[in-house]
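Letter by letter, the chains look like this.
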Protein chains: 2
Amino acid sequence: MTNTDQPTDQAGLRPTKQRLAVASALAETEGFQSAQEIHDLLGRRGDSVGLATVYRTLQRLAEAGDVDMMRTEDGEAIYRRCSDSHHHHLVCRTCGRTVEVEGPAVERWTSAMAAEHGYADVSHTLEIFGTCRDCQ
Amino acid sequence: MTNTDQPTDQAGLRPTKQRLAVASALAETEGFQSAQEIHDLLGRRGDSVGLATVYRTLQRLAEAGDVDMMRTEDGEAIYRRCSDSHHHHLVCRTCGRTVEVEGPAVERWTSAMAAEHGYADVSHTLEIFGTCRDCQ
DNA sequence: CCATGTTTGACAACGATTCTCATTGCGAGT
DNA sequence: ACTCGCAATGAGAATCGTTGTCAAACATGG
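Residues numbered from 1 in each chain as written. Chains lettered and ligands numbered in written order. Predicted model: local features only at pLDDT ≥ 70, side-chain atom pairs only at ≥ 80, totals over all residues. Heavy atoms only, no water.

Draft legend 1. Looking closely at the protein's contact with DNA strand D. Neighbouring residues of DNA strand D: 20 residues in total, closest Tyr-55, Gln-59 and Ala-77 of chain A together with Thr-16 and Arg-19 of chain B. Within 4 Å of the protein, the contacting atoms of DNA strand D are 73% sugar and phosphate, with bases supplying the remainder. Within the backbone of Ala-77 of chain A, a nitrogen or oxygen atom sits 2.7 Å from a phosphate oxygen of DNA strand D. For the surface near DNA strand D, the elements supplying multiple residues, two or more each, are helix 3 (51-63) of chain A together with helix 1 (17-27) and helix 3 (51-63) of chain B. A per-class count over the surface near DNA strand D returns six nonpolar, seven polar and seven charged. (Near = heavy atom within 4 Å. Polar contact = N/O pair within 3.5 Å; in protein donor to acceptor, adjacent residues only side chain to side chain. Helix = DSSP H or I, 4+ residues; strand = E, 2+ residues; numbered from the N terminus. Nonpolar A, V, L, I, M, F, W, Y, C, P; charged D, E, K, R; others polar.)

Right, dumping it as structure tokens:
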């Protein structure tokens, strides 16, 4: 348990060909992609990487905070390169339209609440559901 | 579209024994439960209902807006009856210990945020994860 | 160049959810 | 009350994303 020396890109992992391939797939895409999509993309491109390896790598990167992971409506995990600020989703119950919102107040409140009860290493999820203008 | 005769509980569906059982399981529980938990609960209680039926019923209720559905961190779908009391959960990642917390500030913030984007009929879910004092 | 602990990949195992389809039962019409 | 049609059910198979297994391929420090 000696590390946290390797800072950015490769959360202290060996820079293997496969990991670099996954990283580059993430780097060259804007939005969220599923593990399988990344696996397919790499295969198509020639840098074939085992599916299990893609999953493992994405997990590591997510743990290390190098990528954001969220879930589609049907439970599939999707990833995108991080660095983006933490935000929440405002989702329309009817058409699914989503707006990303941020709120320092909420971040502060959750931390305070956790601290008050002695919880450390806090994270949270917040989803807001409503009916958007067009669906009312 | 003639209805609202069958008011609340049963979104216009036939009030079968099974659907009533699922509805009651939701009614008597505060928080979120997975389909399987509901299935188990009903089984234990004697009102055995097929697992597929539990899934189907929950889907219908969710579509009808009678229950809220969200996803756990590992992608499992969990449900709770709609318009639940306004409290949130502070969950220990390690031992699972849960504290219920309330926050008018958050309620206000989510409403404001929704209003700002033109969303009506707002609800939200907030879960805080951390490591509790005993598990640190 | 060698030893050693990592990482990989093919495939099996898993768990949640959905599908299939024969059977059941609600409820409208007579 | 009796019957008929169609929605609803349940048991198990089928899907699908994801994780586990384990021997073989590797990277890195000595």
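Draft legend 2. Summary view of the pattern of salt bridges. Residue and element names in this part refer to chain A. Enumeration according to the criterion identifies six salt bridges over all chains in this entry. With a shortest N-O distance of 2.8 Å, Arg-45 and Glu-28 are connected by a salt bridge. Remark: Glu-28 occurs in the loop between helix 1 (17-27) and strand 1 (33-34) and Arg-45 occurs in helix 2 (residues 35-45); sequence separation between them is 17 residues. On the basis of relative accessibility, which here comes to 53%, the residue Glu-28 falls in the exposed class. It is possible to trace a salt-bridge network through shared partners that takes in Glu-28, Arg-45 and Asp-47. (Salt bridge = Lys/Arg side-chain N within 4 Å of Asp/Glu carboxyl O. Buried < 20%, exposed > 50% of the residue type's maximum accessible area, 1.4 Å probe, protein only.)

Draft legend 3. Geometry of the side chain of His-89 of chain B. When you line up the elements, His-89 of chain B lands in strand 4 (residues 88-92). Filtering out sequence-adjacent residues up to four positions away, His-89 of chain B remains in contact with Thr-98, Val-99, Glu-100, Leu-126, Glu-127 and Ile-128 of chain B. (Contact = heavy atoms within 4.5 Å.)

Draft legend 4. The arrangement of the protein's contact with DNA strand C in detail. Around DNA strand C there are 20 residues in total, and Thr-16, Arg-19 and Arg-56 of chain A together with Tyr-55 and Gln-59 of chain B lie nearest to it. Close to the protein, within 4 Å, the atoms of DNA strand C belong to sugar or phosphate groups at a rate of 69%. Within the side chain of Arg-56 of chain A, a nitrogen or oxygen atom sits 2.7 Å from a base nitrogen of DNA strand C. Where the surface near DNA strand C is concerned, the elements lending two or more residues are helix 1 and helix 3 of chain A together with helix 3 of chain B. Per-element tally for the surface near DNA strand C: the top contributor is helix 3 of chain B, with five residues.

Draft legend 5. Focus on the interface of chain A and chain B. Contacts between the two partners involve 39 residues from chain A and, on the opposite side, 40 residues from chain B. With both chains or domains summed, chain A and chain B bury close to 3,200 Å², and 61% of this area falls on carbon and sulfur atoms. If you sort the residues of chain A by the area they bury against chain B, Trp-109, Tyr-119 and Phe-129 of chain A come out on top, with a joint share of 22%. Linking chain A to chain B there are zero salt bridges. Linking chain A to chain B there are eleven residue pairs in polar contact (both at pLDDT 80 or more). At the level of elements, strand 2 (67-71), strand 4 (88-92), strand 5 (98-101), helix 4 (104-116) and strand 6 (120-131) of chain A are the ones that each hand at least two residues to the side of chain A that touches chain B. Broken down by element, the side of chain A that touches chain B gets its largest block of residues, twelve residues, from strand 6 of chain A. Summarising the sheet, strand 6 of chain A and strand 6 (residues 120-131) of chain B pair through nine bridges and their orientation is antiparallel. (Buried area = accessible area lost by both parts, 1.4 Å probe. Pairing = 2+ DSSP bridges.)

Draft legend 6. Representation of the sheet that holds strand 1 (residues 33-34) of chain B. Residue and element names in this part refer to chain B. A sheet is described by the order of its strands in space; here three strands give the open sequence 1-3-2, paired in antiparallel fashion. Where the open sheet ends on each side, the last strands, each with one partner, are strand 1 and strand 2 (67-71). By the bridge criterion, two bridges tie strand 1 to strand 3 (residues 77-81) in an arrangement that is antiparallel. Its bridge partner being in strand 3, Ser-34 is matched across the sheet by Ile-78. Here helix 3 sits on the sheet and contacts strand 2 and strand 3; the angle it forms with strand 2, its principal contact strand, is near 110°. (Axes fitted to C-alpha atoms, helices over the stretch in contact; angles between N-to-C directions.)

Draft legend 7. Spatial organisation of a negative patch on the surface. Residues and elements named next belong to chain A. On the surface, Glu-37, Asp-40, Glu-73, Asp-74 and Glu-76 cluster together into a patch of negative charge. Relative to the elements of secondary structure, Asp-74 occurs in the loop between strand 2 and strand 3 (77-81). Given the relative accessible area of 59%, Asp-74 is considered exposed. (Patch = residues over 30% accessible without salt bridge, like charges linked within 9 Å, V, L, I, M, F, W, Y side chains within 5 Å. Areas by Shrake-Rupley, 256 points an atom, 1.4 Å probe, with all protein chains shown as cover. Lys, Arg positive; Asp, Glu negative; His and termini not counted. Charge placed at Lys NZ, Arg CZ, Asp CG, Glu CD.)

Draft legend 8. Representation of the environment of Ala-62 of chain B in the model. All names here are of chain B. In this structure, Ala-62 sits in helix 3. Overall, Ala-62 belongs to the partly exposed group, its relative accessible area being 26%. Separated by 38 residues in sequence, Ala-62 and Ser-24 have C-alpha atoms that sit 15 Å apart. Residues contacting Ala-62, with those up to four places away along its chain left out, are Val-67, Met-69 and Tyr-79.

Draft legend 9. Main features of the pairing of strand 2 of chain B. As defined by bridge partners, strand 2 of chain B adjoins strand 3 of chain B across five bridges and the pair is classed as antiparallel. Bridge assignment links Arg-71 of chain B to a residue of strand 3 of chain B, and that residue is Ala-77 of chain B.

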